[in-house]
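Here's the letter readout for the chains.
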Amino acid sequence: MSKVTSMTNAVRAVNKRPFRVSIEGNIGSGKSTCIKYFDKYHNVEKHAEPIQEWRNVSGHNLLGLLYSDMNEWSFAFQHYVHLSRLKIQTSPPSNPDITVKMFERSVQNSRHCFVENAKKQNFLQDSEYEVLAKWFDYTEKTLDISLDLIVYLRTTPQVVWERMMKRGRAEESEVPLDYLQQVHDSYENWLNSPDVGCEVLTIDADRSIDCVKDDLERYSYKILGGNH
Ligand code: DGT
């Protein structure tokens, strides 16, 4: 067991919080389907990405605004994503039987994947990047946002771009392949970094959903942290 994993387990034991699993992957990689697969376990609390919330922030469609102008809206969008992910990640379990909490993307994803990419592409001013980085640092220092496992649905940008176009979500209709390549590269940099902080289980999600489900079944003991 690595030093990081054993430290995370120690924190979890003290706080008696559920095992935390983040399902990660590019747009269209199949995260929602993956989370639904665990519906059959009553000890698993599942949180899909709060897209509807991002579409209606007191009447403002932040997701739509983001894709209409990344330079103008990345700061507001990442700020709100941080808040909504933080609420999900740190909320107490809904009932005492919950031993696993599973969510679609994480506060860490927002900071290390999307915010890093936005900085690289100049969607964020240096000052905006620093504000977001400081929010994350403060959050990490003062709250337990640690993850126990990341399930990475790894895909090829071309494959997920075709899926995204087929799905036809209005806000994403103009998203170019190049953006999915950027998000992919950012995921790879983050999840291959020695500082990722927890174990990463990588699943090849270019394959059919049935193949992915077979892997989820095969690895379910690990994905649920032994809480079967
Ligand atoms: P799936 O099931 O893997 O196809 O994923 P979905 O459809 O449930 O969710 P996904 O990955 O398409 O995310 C919803 C939208 O939100 C998508 O257009 C990407 C965007 N998004 C999510 N988090 C962030 C973020 O932190 N920054 C930026 N710029 N976009 C984000």
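What counts and how
Residues numbered from 1 in each chain as written. Predicted model: local features only at pLDDT ≥ 70, side-chain atom pairs only at ≥ 80, totals over all residues. Heavy atoms only, no water. Core = buried A, V, L, I, M, F, W, Y, C linked by side-chain atoms within 4.5 Å. Buried < 20%, exposed > 50% of the residue type's maximum accessible area, 1.4 Å probe, protein only. Helix = DSSP H or I, 4+ residues; strand = E, 2+ residues; numbered from the N terminus. Contact = heavy atoms within 4.5 Å. Expected span 1.5 Å × (residues − 1). Bend = angle between axes of the 7 residues up to and from the residue. Pairing = 2+ DSSP bridges. Axes fitted to C-alpha atoms, helices over the stretch in contact; angles between N-to-C directions. Parallel < 35°, antiparallel > 145°, perpendicular 65-115°, else oblique. Nonpolar A, V, L, I, M, F, W, Y, C, P; charged D, E, K, R; others polar.

What follows deals with the nonpolar core. Formed by 35 residues in total, the largest nonpolar core has its most connected members in F77, I150, Y179, L180, Y187, W190 and L191. Among the secondary structure elements, those contributing two or more residues to this core are α3 (51-55), α4 (62-68), α5 (70-90), α6 (107-120), α7 (126-142), β4 (149-154), α8 (157-167) and α9 (177-191). No other element matches the six residues that α9 contributes to this core. Once residues lying within four places of it in the same chain are set aside, the contact partners of F77 are W54, L62, L63 and L66. M102, L153, A205 and L216 belong to the second-largest nonpolar core, a separate cluster that totals 21 residues.

Another aspect to go through is the environment of L149. Relative to the helices and strands, L149 resides in strand β4. Separated by 52 residues in the primary sequence, L149 and L201 place their C-alpha atoms 7.4 Å from one another. With residues near it in sequence (within four places) discarded, L149 still touches F19, R20, V21, S22, C198, E199, L201, K222 and I223.

Even without being glycine, S58 reaches a positive phi, approximately 45°. By secondary structure assignment, the location of S58 is in the loop between α3 and α4. Residue S58 is classed as exposed on the basis of its relative accessible area of 73%. One non-glycine residue, N122, adopts positive backbone phi at about 60°. Taking relative accessible area as the criterion, N122 reaches 56% and is therefore assigned exposed.

The next subject is α6. Because each turn of an α-helix spans 3.6 residues, side chains separated by three or four positions end up pointing in the same direction. If you check α6, its first and last C-alpha atoms are 19 Å apart, about what 14 residues at 1.5 Å a residue would give, namely 20 Å. Maximal helix bending in α6 amounts to about 25°, located at F114. In terms of residue burial, α6 counts as a mostly covered element, since ten of its 14 residues are buried. If you check which residues of α6 are buried, you get V107, Q108, N109, S110, R111, C113, F114, V115, N117 and A118. Elements in contact with the buried residues of α6: β1 (19-25), α5, α7 and α9. Following α6 by one or two positions, N122 has its phi on the positive side, about 60°.

The sheet built from five strands is open, its strands ordered β2-β3-β1-β4-β5 with parallel pairing. Of all strands in the sheet, those bounded by a partner on one side alone are β2 (44-47) and β5 (199-204). Taking the axes of each pair of neighbouring strands and ignoring which way they run, one obtains an average angle of 20° across the sheet. One ladder, built from four bridges, connects β2 with strand β3 (residues 100-104); its direction is parallel. Looking at the pairing, H47 lines up with F103 of β3. In the packing of α9 onto the sheet, the strands contacted are β1, β4 and β5, and the crossing angle to β4 comes to about 145°.

The next thing to look at is the packing of α5 against α6. The geometry of α5 relative to α6 is characterised by a closest axis approach of 8 Å and an angle of 155° between their N-to-C directions. Considering the angle they form, α5 stands roughly antiparallel to α6. Contacts between α5 and α6 involve Q78, V81, H82, R85, L86 and Q89 on the former and, on the latter, V107, Q108, N109, S110, F114 and V115. Partitioning the contact of α5 with α6 into residue classes produces five nonpolar, six polar and one charged.

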